[in-house]
Amino acid sequence: MAYEIPTPKYLRVLNTLRKRIEDGEYAPGAALPSEAQLCTEFGVSRPTVLKALGILKQDGWIESQQGRGSFVRGRPASGRTSPQYAKEAVELDETGEAEILHVGPVLASRRVAAELRIPEGTPVYERRRRTVSQFGPVDLIATFVPVDIAVGTEITKPEPITGGLLDHIARHKSLRADYATERLTSRLVDQAEAEALAVPEDEAVISVVLTVYQANGEPILTSLLVMPGSRHEIEDTYPLK
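From a predicted model like this one, the values you see are computed outputs, not experimental measurements.

The rules behind the values
Residues numbered from 1 in each chain as written. Predicted model: local features only at pLDDT ≥ 70, side-chain atom pairs only at ≥ 80, totals over all residues. Heavy atoms only, no water. Axes fitted to C-alpha atoms, helices over the stretch in contact; angles between N-to-C directions. Helix = DSSP H or I, 4+ residues; strand = E, 2+ residues; numbered from the N terminus. Parallel < 35°, antiparallel > 145°, perpendicular 65-115°, else oblique. Contact = heavy atoms within 4.5 Å. Nonpolar A, V, L, I, M, F, W, Y, C, P; charged D, E, K, R; others polar. Core = buried A, V, L, I, M, F, W, Y, C linked by side-chain atoms within 4.5 Å. Buried < 20%, exposed > 50% of the residue type's maximum accessible area, 1.4 Å probe, protein only. Pairing = 2+ DSSP bridges. Left-handed = near helix turned anticlockwise from the far one by under 90°. Salt bridge = Lys/Arg side-chain N within 4 Å of Asp/Glu carboxyl O. Phe/Tyr/Trp six-rings, centres within 6.5 Å; stacked < 30°, edge-to-face > 60°. Lys NZ or Arg CZ within 6 Å of the ring centre and 35° of its normal. Arc of directions from axis to C-beta.

Could you clarify how one ought to interpret the packing of helix 2 (residues 35-42) against helix 3 (residues 46-58) in this entry?
How two helices pack is summed up by the angle between their axes together with the distance between the axes. The interhelical angle for the contact between helix 2 and helix 3, taken along N-to-C directions, is 110°, at an axis separation of 9 Å. Considering the angle they form, helix 2 stands roughly perpendicular to helix 3. Where helix 2 approaches helix 3, its residues Glu35, Leu38 and Cys39 are matched on the opposing element by Arg46, Val49, Leu50 and Leu53. Looking at the contact of helix 2 with helix 3 residue by residue, the class counts come to 5 nonpolar, no polar and 2 charged.

What follows is the structure, encoded as C-alpha cells:
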C-alpha cells in the first residue's frame, strides 16, 4: 500500500486560484469569486478558503477591499530567493566538489513515494551525489525523478550534466517548476550516512526533504538532503509583512 501525504485543502484552493491568475482566467483587476462560492466549488470550510486567500494576499497575487471582496493584482515580482542548500539540492553535478555516487533506477521508498504521490515500490530514477570540501564531505543529496519525466533526458545517464536540473527538465519535458515545499528535521546520522559523510555515528544531521511542484500542484521531483550539523549553519533573510 502506498504511503500518501494528502495535499492540504487550503493548498489545493491556493494552487488553483494562482494558476487561474497566471493563465489569465482571472485578469488583473477582476474580482475573485466570493468566499461562499469558493467554499462550494472546492467543498471546503470558510477558514480553509480564508487561509488560501490570506497567503495569496501576503504574496501579492490579490488585494482585499473591505466589504467588496478580493481582487486580482496579477503575478507578483519575485521577492524571496531559495536558500543555498535548496538550490544545491536541485542542481546537477558539474562542480569539481561533487562526487556522483549513483545514477539509475531504484524502487521508491515509502518517503519518496509519498512525496511523488506514487505507489511505494514504483521505479524512479535516482541521482545521488556527495559534496566534498577541504574539510571533508559536507552533504549527501539524493534526487528522485519519476520515470516518465527522466526518460529521454540526461538524467538517466551517469555523466555530469551542465545546467540546473529544473532547467534541464523544462527544456526537455516542458515542465516548469513553480514552487517547492521543504521539510527540515534534525536527527542522528544512520550508519550508511556516517560512512559517506565521514562523521561519528553519534553525529547530529540536518535532514531536508525538498519537493518541487508545477503550478497545478503535480510534483516534478523530490530531493533528500543530509548535512552534518557540525559542518553547517543555516541562515535566511526575508521580509516581514
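That was the structure; now back to the text.
How do you make sense of the nonpolar core when you look at a structure like this?
Buried together is how nonpolar side chains tend to be arranged in soluble globular proteins. Counting 17 residues, the largest nonpolar core has Leu17, Leu53, Leu56 and Ile62 as the members making the most contacts within it. Mapped onto this core, the elements with two or more residues apiece are helix 1 (9-22), helix 2 and helix 3. Ala150, Ile169, Leu175 and Ile220 belong to the second-largest nonpolar core, a separate cluster that totals 11 residues.

Explanation requested: the pairing of strand 7 (residues 204-213) in the structure shown.
Regular strands show a simple pattern: their side chains alternate between the two faces of the sheet. Burial runs high along strand 7: 9 of the 10 residues are buried. As judged from the 10 bridges shared by strand 6 (residues 179-188) and strand 7, these two strands associate in the antiparallel manner. Residue pairing in the sheet places alanine 180 in a bridge with valine 212 of strand 7. Between the antiparallel neighbours strand 7 and strand 8 (residues 219-228) lie 5 residues, among them glycine 217 with a positive phi of about 90°.

Would you mind showing me how to read unusual backbone geometry here?
Note: most peptide bonds trans; most residues except glycine with negative phi. Located in the positive-phi region is arginine 117, a residue other than glycine, with phi close to 60°. With respect to the helices, strands and loops of the structure, arginine 117 is situated in the loop between helix 5 (110-116) and strand 4 (123-133). We note that serine 174 has phi near 55°; this positive angle belongs to a residue other than glycine. Considering the arrangement of structural elements, one finds serine 174 in the loop between helix 7 (165-173) and strand 6.

Where do I start with the sheet that holds strand 5 (residues 136-146) in this structure?
Ordered by their spatial adjacency, 6 strands build an open sheet running 3-4-5-8-7-6, and the pairing between neighbours is antiparallel. Strand pairing shows two members of the sheet lacking a second neighbour, strand 3 (98-107) and strand 6, which therefore form its edges. Each strand of the sheet is rotated relative to its neighbour by a mean of 15°, with strand direction disregarded. The pairing of strand 3 with strand 4 spans 9 bridges and is classified as antiparallel. Counterpart to glycine 104 in the pairing with strand 4 is glutamate 126. Across the sheet, helix 7 lies against strand 5, strand 7 and strand 8, angled at about 165° from strand 8, the strand it touches most.

When you look at the packing of helix 1 against helix 3 in this model, what are you seeing that I'm missing?
Close contact between helix 1 and helix 3 brings their axes to 8 Å; oriented N to C, the two are set at 50°. One element, helix 1, and the other, helix 3, form an angle in the oblique class. Handedness of the helix 1/helix 3 crossing: right-handed. Here Lys9, Tyr10, Val13, Leu14, Leu17 and Arg18 of helix 1 come into contact with helix 3, specifically with Thr48, Lys51, Ala52, Leu53, Ile55 and Leu56. Here the contact of helix 1 with helix 3 is composed, by residue class, of 8 nonpolar, 1 polar and 3 charged.

Looking at this structure, I do not really get the pattern of salt bridges. What am I missing?
Two side chains carrying opposite charge are able to pair once their charged atoms lie near each other. On inspection of all chains with the given rule, the structure shows 12 salt bridges. For lysine 19, the salt bridge identified is with aspartate 23, shortest N-O distance 2.6 Å. According to the relative accessible area criterion, aspartate 23 is exposed, its value standing at 52%. We note a salt bridge from glutamate 35 to arginine 46, for which the minimum N-O separation is 2.8 Å. Taken together, the residues glutamate 35 in helix 2 and arginine 46 in helix 3 connect sequence positions 11 residues apart. In this structure glutamate 35 comes out as partly exposed when scored by relative accessible area, which is 28%. Bridged by salt links that share partners, the residues Arg18, Glu22, Arg176 and Asp178 form one connected network.

Help me understand the packing of aromatic side chains, please; the structure alone is not making it clear to me.
Given two aromatic rings, their pairing is described by the distance between the two centres and the angle made by the two planes. In total, this model carries 0 aromatic pairs according to the counting rule given. One Lys or Arg, lysine 51, reaches over the ring of tyrosine 10 and ends 4.1 Å from the middle of that ring.

Help me understand helix 2, please; the structure alone is not making it clear to me.
If you check which residues of helix 2 are buried, you get Leu38, Cys39 and Phe42. Viewed along the axis of helix 2, the buried residues span an arc of 105°, placing them on a single side of the element. Seen from the buried face of helix 2, the exposed residues on the opposite side, beyond 90 degrees, are Ala36 and Thr40. The inward-facing, buried residues of helix 2 contact helix 1 and helix 3.

The values reported here are purely geometric and, on their own, carry no functional implication.
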